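Chain by chain, the residues:
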Amino acid sequence: EPEVTQTPSHQVTQMGQEVILRCVPISNHLYFYWYRQILGQKVEFLVSFYNNEISEKSEIFDDQFSVERPDGSNFTLKIRSTKLEDSAMYFCASRGDMGESALHFGNGTRLTVT
Amino acid sequence: KQEVTQIPAALSVPEGENLVLNCSFTDSAIYNLQWFRQDPGKGLTSLLLIQSSQREQTSGRLNASLDKSSGRSTLYIAASQPGDSATYLCAVTSRGNYQLIWGAGTKLIIKP
């Protein structure tokens, strides 16, 4: 069964450094998402992406964050200058259509900012 | 603003028991509701998806129901096994913004 893949599984970085989290969504999906989960807290929506542009973003997704689909397969989340509070599990997800189909998640990237 | 609540926050039962996990949401304008499983430090595995027009979905020992008018969903697990131990999350796709709004989860422990 097709799946969403994320790399790396764990990323450790120093505060102030830039990180890029990578995702390969399911190949025929059109809608892409990033969510994050701070340890012990709820999963939170960050951003949705469709047709090569951001369709929605949350208050969390400030100017430090950006997303890109550089080619036909990868979908990346960049954090320009990481803060301690960015430490979390970051999940990429994709779906085939807008609302009716299931959202498929990757296994996540655990980001630790020291 | 859509809010999703899951009760109980934690549940511990002996192996073999049938159990019910609850999820409630405040705004009935949803596309669908999904139940996920999350193992410690791991990703999110989709278990069941119920469309807003549906009443229930079944997969193996799992059965999820949806009562949209009352804003409730239940996940029924039959004949529980230690391997079912995990955190179970429900999430709704809200109409209008298509975002997935999450509950905090129920941490389930099945004792051998």
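Just so we're clear, the structure is a prediction, and the values are computed from it rather than from any experiment.

## Brief notes about the state of the cysteines
All chains considered together, the criterion is met by 2 disulfides over all chains. Residue Cys23 of chain A pairs covalently with Cys92 of chain A via a disulfide, S to S 1.9 Å. Judged by the sign of its S-S torsion, about -65°, the bond between Cys23 of chain A and Cys92 of chain A is left-handed. You can see Cys23 of chain A sitting in strand β3 (residues 19-24) and its partner Cys92 of chain A sitting in strand β9 (residues 88-95), a full 69 residues away along the chain. The exposure class of Cys23 of chain A is buried, given its relative accessible area of 1%. With a sulfur-sulfur separation of 1.9 Å, Cys23 of chain B is cross-linked through a disulfide to Cys90 of chain B. When the S-S torsion is 70°, as for the bridge of Cys23 of chain B with Cys90 of chain B, the disulfide is right-handed.

## Structural notes on the sheet that holds strand β6 (residues 56-59) of chain B
Residue and element names in this part refer to chain B. Judged by pairing direction, the sheet is antiparallel, and its 5 strands sit side by side in the order β1-β3-β8-β7-β6 without closing on themselves. With one partner strand each, in any of the chains shown, β1 (4-7) and β6 form the two edges of the open sheet. Taken pair by pair, the neighbouring strands of this sheet meet at an average axis angle of 15°, ignoring direction. Two elements, β6 and strand β7 (residues 62-67), share 4 bridges in a ladder whose sense is antiparallel. Looking at the pairing, Ser59 lines up with Leu62 of β7.

## What to know about the nonpolar core
Grouped together as the largest cluster of nonpolar side chains are 23 residues, with contacts concentrated most on Leu33, Trp35 and Leu75 of chain B. Elements represented by at least two residues in this core include exactly β3 (19-25), β4 (30-38), β5 (44-51), β7, β8 (72-77), β9 (86-94) and β11 (106-111) of chain B. With residues near it in sequence (within four places) discarded, Leu75 of chain B still touches Leu19, Val20, Leu21, Trp35, Leu47, Leu48, Leu62, Asn63, Ala64 and Tyr88 of chain B. Phe49, Phe75, Cys92 and Leu111 of chain A belong to the second largest nonpolar core, which has 22 residues in total.

## Section: the side chain of Thr13 of chain A
Residues and elements named next belong to chain A. Its location among the elements puts Thr13 in strand β2 (residues 10-13). A residue is classified by how much of its surface remains accessible, and Thr13, at 8% relative accessible area, is buried. Once residues within four sequence positions are removed from consideration, Thr13 is found in contact with Val19, Thr82, Leu111, Thr112, Val113 and Thr114.

## A closer look at the interface of chain B and chain A
At the interface, 22 residues of chain B touch 20 residues of chain A. Around 1700 Å² of area is buried between chain B and chain A when both sides are counted, 54% of it from carbon and sulfur atoms. Summed over the three residues of chain B that lose the most area to chain A, namely Leu44, Tyr98 and Trp102 of chain B, the buried surface amounts to 31% of that side. Applying the counting rule to chain B against chain A returns 0 salt bridges. Taken together, the connections running from chain B to chain A amount to 6 residue pairs in polar contact (both at pLDDT 80 or more).

The rules behind the values
- Residues numbered from 1 in each chain as written.
- Chains lettered and ligands numbered in written order.
- Predicted model: local features only at pLDDT ≥ 70, side-chain atom pairs only at ≥ 80, totals over all residues.
- Heavy atoms only, no water.
- Disulfide = S-S within 2.5 Å.
- Helix = DSSP H or I, 4+ residues; strand = E, 2+ residues; numbered from the N terminus.
- Buried < 20%, exposed > 50% of the residue type's maximum accessible area, 1.4 Å probe, protein only.
- Pairing = 2+ DSSP bridges.
- Axes fitted to C-alpha atoms, helices over the stretch in contact; angles between N-to-C directions.
- Core = buried A, V, L, I, M, F, W, Y, C linked by side-chain atoms within 4.5 Å.
- Contact = heavy atoms within 4.5 Å.
- Buried area = accessible area lost by both parts, 1.4 Å probe.
- Salt bridge = Lys/Arg side-chain N within 4 Å of Asp/Glu carboxyl O.
- Polar contact = N/O pair within 3.5 Å; in protein donor to acceptor, adjacent residues only side chain to side chain.

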